[in-house]
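Observations on the model geometry
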Amino acid sequence: MAMNKEQKDSFITILPEGQKCVIQDEAHQSKALVPIQIDMGNSVEAVQVDSGLITGLPEGEPICDNLIYTIKDSSMGLNITWIIELKGTKNSKEAKHSIKQIMSSIRYFQDQVTYPQAFKYVNQRDYVFAAVAGAPDKTLPILNSGEIKALYQKLYAVSGKRKNIKDMFTLFCYICPNRQCKKAEIRGNKPPYSILCYKSHGGYITYPSMLMKLLEGNVKI
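Since we're looking at a predicted model, the values are computed, not measured.

One open sheet holds the three strands; their spatial order is 3-4-12, and the pairing between them is mixed. The open sheet terminates on both sides in strands that have one partner only, identified here as strand 3 (20-24) and strand 12 (205-207). Averaged over neighbouring strand pairs, the angle between their axes works out to 35° when direction is ignored. In the sheet, strand 4 (residues 33-38) pairs with strand 12 via three bridges, with the strands oriented parallel. Across the sheet, the residue bridging to Ile 36 is Ile 205, located in strand 12.

Printed below as a string of structure tokens:
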């Protein structure tokens, strides 16, 4: 995770309001990235999950790369967790694997005995979102609803304000970096939506306001 701001633990970066950062995994030579900018009135933890928050797993055990966790939100008053898998591939088999990684991660977060430090990331959260991120100008394979229905149901179950969620499919999205992107925007005619973004100019994804737009269905076709 390419960040060098205030560190809480070696795998946790504190990001204050207005801060920009690019979530990526250069250590594993992934080209996937997620550029975010923290909304005013917010502060968050950007957490490396794999080999950071969660360690000591058997070799080959699927787990996600990162998450964003709201510490404070004085604008909307929401507690949000956003789980992110950096995939950066056109391979549909690998894209499907990302769903297993996110599902496994949630299971470990909920294991309060083995991973007590991880439990807070899914405990008493208003909304828990997830995303699979691609590499710049690469098309992520779109997964059918049957392949990711269990993930939708899990995200819905751990979201405390689920009564406000009209469509649980809005809790998941694809992150599609594009070098031509001038301003981050949500696209699609139905959920799960895609977020077009890039690490320059206005291409940063505003957190958490853009995630709330997913729930509202505020998109461009």
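Moving on from the coordinates now.
Moving on, we come to helix 3 (residues 209-216). Those residues of helix 3 that sit buried are Met 210, Leu 211, Met 212, Leu 214 and Leu 215. Residues of helix 3 that are buried make contact with strand 7 (80-86), strand 8 (127-133), strand 9 (172-177), strand 10 (185-187), strand 11 (193-197) and strand 12. Gly 217, located one to two residues past helix 3, shows a positive phi value of around 70°.

Our focus in this paragraph is the side chain of Thr 81. The topology assignment puts Thr 81 in strand 7. Side chain to side chain, Thr 81 and Arg 125 meet in a polar contact 3.1 Å long.

Now for the confidence of the model for the chain. Residues with a pLDDT of 70 or more make up 91% of the chain, whose mean pLDDT is 90. Confidence drops under a pLDDT of 50 for residues 1-7, and excluding neighbours within four residues, the segment shows 22 contacts in the predicted structure.

Within this structure, the stated rule accounts for zero disulfides. The cysteine Cys 64 is free of any disulfide, with Cys 173 supplying the nearest cysteine sulfur at 14 Å. Just so you know, Cys 173 is unpaired, no disulfide at all, and the nearest cysteine sulfur is the one on Cys 176, 8.7 Å from it. Overall, the relative accessible area of 1% leaves Cys 173 in the buried class.

The subject of this paragraph is the nonpolar core. In terms of nonpolar packing, the biggest core is built from 71 residues, with Val 34, Ile 36, Trp 82, Phe 172, Ile 175 and Ile 205 touching the most fellow members. When residues in this core are grouped by element, the largest group, seven residues, is from strand 8. Once you skip the residues sitting within four places of it in the chain, Val 34 turns out to touch Cys 21, Val 22, Ile 23, Trp 82, Ile 84, Leu 86, Ala 133, Ile 175 and Ile 205.

The geometry of an aromatic ring pair is captured by the separation of the ring centres together with the interplanar angle, meaning the angle of the planes. Following the criterion strictly, the structure yields seven aromatic pairs and no others. Considering the side-chain rings of Tyr 69 and Tyr 121, the 4.8 Å spacing of their centres and the 75° angle between planes classify their relative orientation as edge-to-face. Separated by 52 residues along the polypeptide, Tyr 69 in strand 6 (residues 66-73) and Tyr 121 in the loop between helix 1 (92-109) and strand 8 bring together distant segments of the chain. Residue classification places Tyr 121 among the buried residues on the basis of a relative accessible area of 1%. Pairing Phe 172 with Tyr 174 gives two aromatic rings, centres 5.2 Å apart and planes at 85°, and the pair type is edge-to-face. Tyr 174 carries the same exposure label as Phe 172, and that label is buried. Among the aromatic residues, those joined into a ring-pair cluster are Tyr 152, Phe 169, Phe 172 and Tyr 174. Residue placement shows Arg 107 over the ring face of Tyr 108; its charged tip is 5.3 Å from the ring centre.

Cut-off values and rules
- Residues numbered from 1 in each chain as written.
- Predicted model: local features only at pLDDT ≥ 70, side-chain atom pairs only at ≥ 80, totals over all residues.
- Heavy atoms only, no water.
- Pairing = 2+ DSSP bridges.
- Helix = DSSP H or I, 4+ residues; strand = E, 2+ residues; numbered from the N terminus.
- Axes fitted to C-alpha atoms, helices over the stretch in contact; angles between N-to-C directions.
- Buried < 20%, exposed > 50% of the residue type's maximum accessible area, 1.4 Å probe, protein only.
- Contact = heavy atoms within 4.5 Å.
- Polar contact = N/O pair within 3.5 Å; in protein donor to acceptor, adjacent residues only side chain to side chain.
- pLDDT = per-residue confidence, 0-100.
- Disulfide = S-S within 2.5 Å.
- Core = buried A, V, L, I, M, F, W, Y, C linked by side-chain atoms within 4.5 Å.
- Phe/Tyr/Trp six-rings, centres within 6.5 Å; stacked < 30°, edge-to-face > 60°.
- Lys NZ or Arg CZ within 6 Å of the ring centre and 35° of its normal.

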